[in-house]
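Okay, here's what each chain looks like letter by letter:
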Amino acid sequence: MKTLDQYLADAEQAHGHLCAGQVLGVRLAMLGLEKLGIEDPRGKDRKRLVTFVEIDRCATDAIAVVTGCRLGKRALKFRDWGKLAATFVDVESGKAVRIAARESSKALAREMHPEIESKNQQQMLAYREMSEQNLFDVQSVKVDLQPEDFPGFKGERIVCEKCGEGINFKREVRREGRILCRGCAGENYFTSA
Ligand SMILES: [Zn+2]
Ligand SMILES: [Zn+2]
């Protein structure tokens, strides 16, 4: 594993700027890997890890940088819960750990560095210095992963009976004897313009 500073440099490059969210994300991911005993997530351990992120903000990019998990490799899973938290799953051992940023860390950053006016600067520095205990809640969890959730899964491709579009990875919905994509089954996020 790299050092915090090395990961922050990588994260800055990938994300386009350095911010408090990057610091949180890098530290959160480093702690997750440490708890699972994964030392080389981008090298020899790269097939061992699946990561769930619960927010789509700055920290998400940093978590991807440290873990090497990417959406396009099916190793990064997004749950849109709006929470600064992530779960790291070691698919070899089945061990998993969920780490969430503590809500109190913002107030603590203010106490630690009242002299810094910019909130982002204040939090960037404080989140580097703060202890893991003050920054995060850590929880051992179990994650039920199906074969189709893993990177590299190959399965039958199926066609939606309503819109005719192909569906991968068992994401179809079976309803009243019909096979539908999730959009046609009522989960659509768009309407025709
Ligand atoms: Zn940012
Ligand atoms: Zn459809």
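The written sequence of each chain sets the order in which its residues are numbered from 1. Lettering for chains starts from A, numbering for ligands starts from 1, and both go in the order in which the items are written. Confidence filtering applies because this is a predicted model: local features only for residues at pLDDT of at least 70, side-chain atom pairs given and counted only at 80 or more, and all residues used for totals across whole chains, interfaces and linings. Here the side-chain values reflect all heavy atoms present in the structure, with hydrogen atoms and water set aside.

A. Summary view of the coordination of the zinc ion (ligand 2). For the zinc ion (ligand 2), the full set of protein donor atoms is Cys-160 (SG), Cys-163 (SG), Cys-181 (SG) and Cys-184 (SG), at a range of 2.3 to 2.4 Å. Donor criterion used throughout: N, O or S atom within 2.8 Å of the metal, extended to 3.2 Å for Na, K and Ca. Water excluded; incomplete-looking sites may result. For four-coordinate sites, all angles between 85 and 135 degrees define a tetrahedron; for four- and six-coordinate sites, opposite donors beyond 155 degrees with the remaining angles between 65 and 115 define square planar and octahedral shapes respectively, and all other cases count as irregular. Seen from the zinc ion (ligand 2), its four donor atoms lie at angles of 99 to 115°, and the figure they make is tetrahedral. Linear spacing of the donor residues for the zinc ion (ligand 2) on their chain is C-x2-C-x17-C-x2-C. On the accessibility criterion, Cys-184 (24% relative accessible area) is partly exposed. Note on exposure labels: buried denotes an accessible area under 20% of the residue type's maximum, exposed denotes more than 50%, and partly exposed covers the range between, all computed with a 1.4 Å probe on protein chains only.

B. Layout of the coordination of the zinc ion (ligand 1). Taken together, His-15 (NE2), His-17 (NE2), Cys-19 (SG) and Cys-58 (SG) make up the protein donors of the zinc ion (ligand 1), found 2.1 to 2.3 Å from the metal. For the zinc ion (ligand 1), the four donor atoms in the first shell make angles of 88 to 141° at the metal, so the coordination geometry reads as irregular. Summarised as a motif, the one-chain spacing of the donors to the zinc ion (ligand 1) is H-x1-H-x1-C-x38-C. You can call His-17 partly exposed: its relative accessible area is 38%.

C. Structural detail: the packing of helix α2 (residues 20-36) against helix α5 (residues 119-129). The interhelical angle for the contact between α2 and α5, taken along N-to-C directions, is 20°, at an axis separation of 8 Å. Classed by the angle they form, the pair α2 and α5 counts as roughly parallel. When the axes of α2 and α5 are compared, the crossing they make is left-handed. Facing α2, whose interface residues are Ala-20, Val-23, Leu-24 and Arg-27, α5 presents Asn-120, Gln-123, Met-124, Tyr-127, Arg-128 and Glu-129. In this count, Pro and Cys sit with the nonpolar residues alongside Ala, Val, Leu, Ile, Met, Phe, Trp and Tyr, while Asp, Glu, Lys and Arg are called charged and the others, Gly among them, polar. Class assignment of the residues belonging to the contact of α2 with α5 gives a composition of five nonpolar, two polar and three charged. For helices, the fitted line uses only the C-alpha atoms of the stretch in contact; every axis is such a line through C-alpha atoms, and the angle between N-to-C directions lies from 0 to 180 degrees. Here a strand is any run of E in DSSP of at least two residues, a helix any run of H or I of at least four, and the numbering for each starts at the N terminus. Note that the term roughly parallel is reserved for angles under 35 degrees, roughly antiparallel for angles over 145, roughly perpendicular for angles of 65 to 115, and oblique for everything else. By convention the crossing between two helices is left-handed if the near helix lies anticlockwise of the far one by an angle smaller than a right angle, and right-handed if it lies clockwise. Here, residues are in contact when the closest pair of their heavy atoms is within 4.5 Å.

D. Highlighting unusual backbone geometry. A positive phi angle, close to 60°, is found at Phe-169, a residue other than glycine. Tracing the backbone through its elements, the reader meets Phe-169 in the loop between β7 (166-167) and β8 (173-175). Residue classification places Phe-169 among the partly exposed residues on the basis of a relative accessible area of 25%. The phi dihedral of Lys-170 is positive, around 55°, even though this residue is not glycine. Note that Lys-170 resides in the loop between β7 and β8. The exposed category is assigned to Lys-170, whose relative accessible area is 52%.

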